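# Close look at the chain arrangement
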Amino acid sequence: MKPVFLALILAGAAAFAGAADPAAGNEEQAIRAVVGDYLHGLKFNDVAGLQRAFWSGANLFWVKKSGELGQLSQADWYKGCAASAGKEEAGDLRIVAIDIAGNAASVKVQEDYEKSRYIDYLSLLKVGGGWKIVAKIYTVQPR
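The following paragraphs examine the structure supplied in this document. (Residues numbered from 1 in each chain as written. Predicted model: local features only at pLDDT ≥ 70, side-chain atom pairs only at ≥ 80, totals over all residues. Heavy atoms only, no water.)

### Things to note about the pairing of strand β2 (residues 69-73)
Where strand β1 (residues 54-63) and β2 come together, 5 bridges link them in antiparallel fashion. Its bridge partner lying in β2, Leu 60 is registered against Leu 72. Hairpin remark: β1 followed by β2, antiparallel, with 5 residues in the connecting loop; positive phi at Gly 67, about 95°. (Pairing = 2+ DSSP bridges. Helix = DSSP H or I, 4+ residues; strand = E, 2+ residues; numbered from the N terminus.)

Right under this line is the structure:
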């Protein structure tokens, strides 16, 4: 098979694969926007941004130093954020991975601060035409 012909076949296959689900890119953009609200909310203690990102019944889960499961409601979390509203946190926050399957998605976020690193796993569902974070689990590691 001639290299030019092979290149045309591969280019056509790549174009077909990309065209197979044009909505996938739009869904990822929509998810990135929701997680962007979440990251902005974390960075600036912005309760309104967090409220845009989370379903109102979502909870946060982590393992306490005692080894027990920790759980925090949105309302309790927002109270803590409101006390520092507008204060910018010094850290680098970024999306590490996104996995989408139909109306469900998982996003891994890494937050690097001076003395700690948080890894968040956000579970999102597309409900009523929009994506919302319905649960967050996280771990924190010293740096």
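### Quick look at the nonpolar core
In terms of nonpolar packing, the biggest core is built from 24 residues, with Val 35, Tyr 38, Phe 54, Trp 77, Leu 122, Leu 124 and Ile 133 touching the most fellow members. Listed by contribution, the elements that provide at least two residues to this core are α2 (23-44), α3 (47-53), β1, α4 (74-82), β4 (104-113), β5 (116-127) and β6 (130-142). The residues touching Leu 124, leaving out its near neighbours within four places in the chain, are Ile 31, Val 34, Val 35, Asn 103, Ala 104, Ala 105, Val 107, Trp 131, Lys 132, Ile 133 and Val 134. (Core = buried A, V, L, I, M, F, W, Y, C linked by side-chain atoms within 4.5 Å. Buried < 20%, exposed > 50% of the residue type's maximum accessible area, 1.4 Å probe, protein only. Contact = heavy atoms within 4.5 Å.)

### Comments concerning the pattern of salt bridges
Under the definition given, this model contains 8 salt bridges. The salt bridge involving Asp 112 is made with Arg 117; its shortest N-O contact spans 2.4 Å. Judged by its relative accessible area of 27%, Arg 117 falls in the partly exposed class. Arg 143 is paired through a salt bridge with Asp 112; the nearest N and O atoms lie 3.5 Å apart. Linking Arg 143 in the segment after β6 with Asp 112 in strand β4, this pair joins segments that are 31 residues apart in sequence. With relative accessibility at 13%, the residue Asp 112 sits in the buried group. A network of salt bridges, in which partner residues are shared, links Asp 112, Arg 117 and Arg 143. (Salt bridge = Lys/Arg side-chain N within 4 Å of Asp/Glu carboxyl O.)

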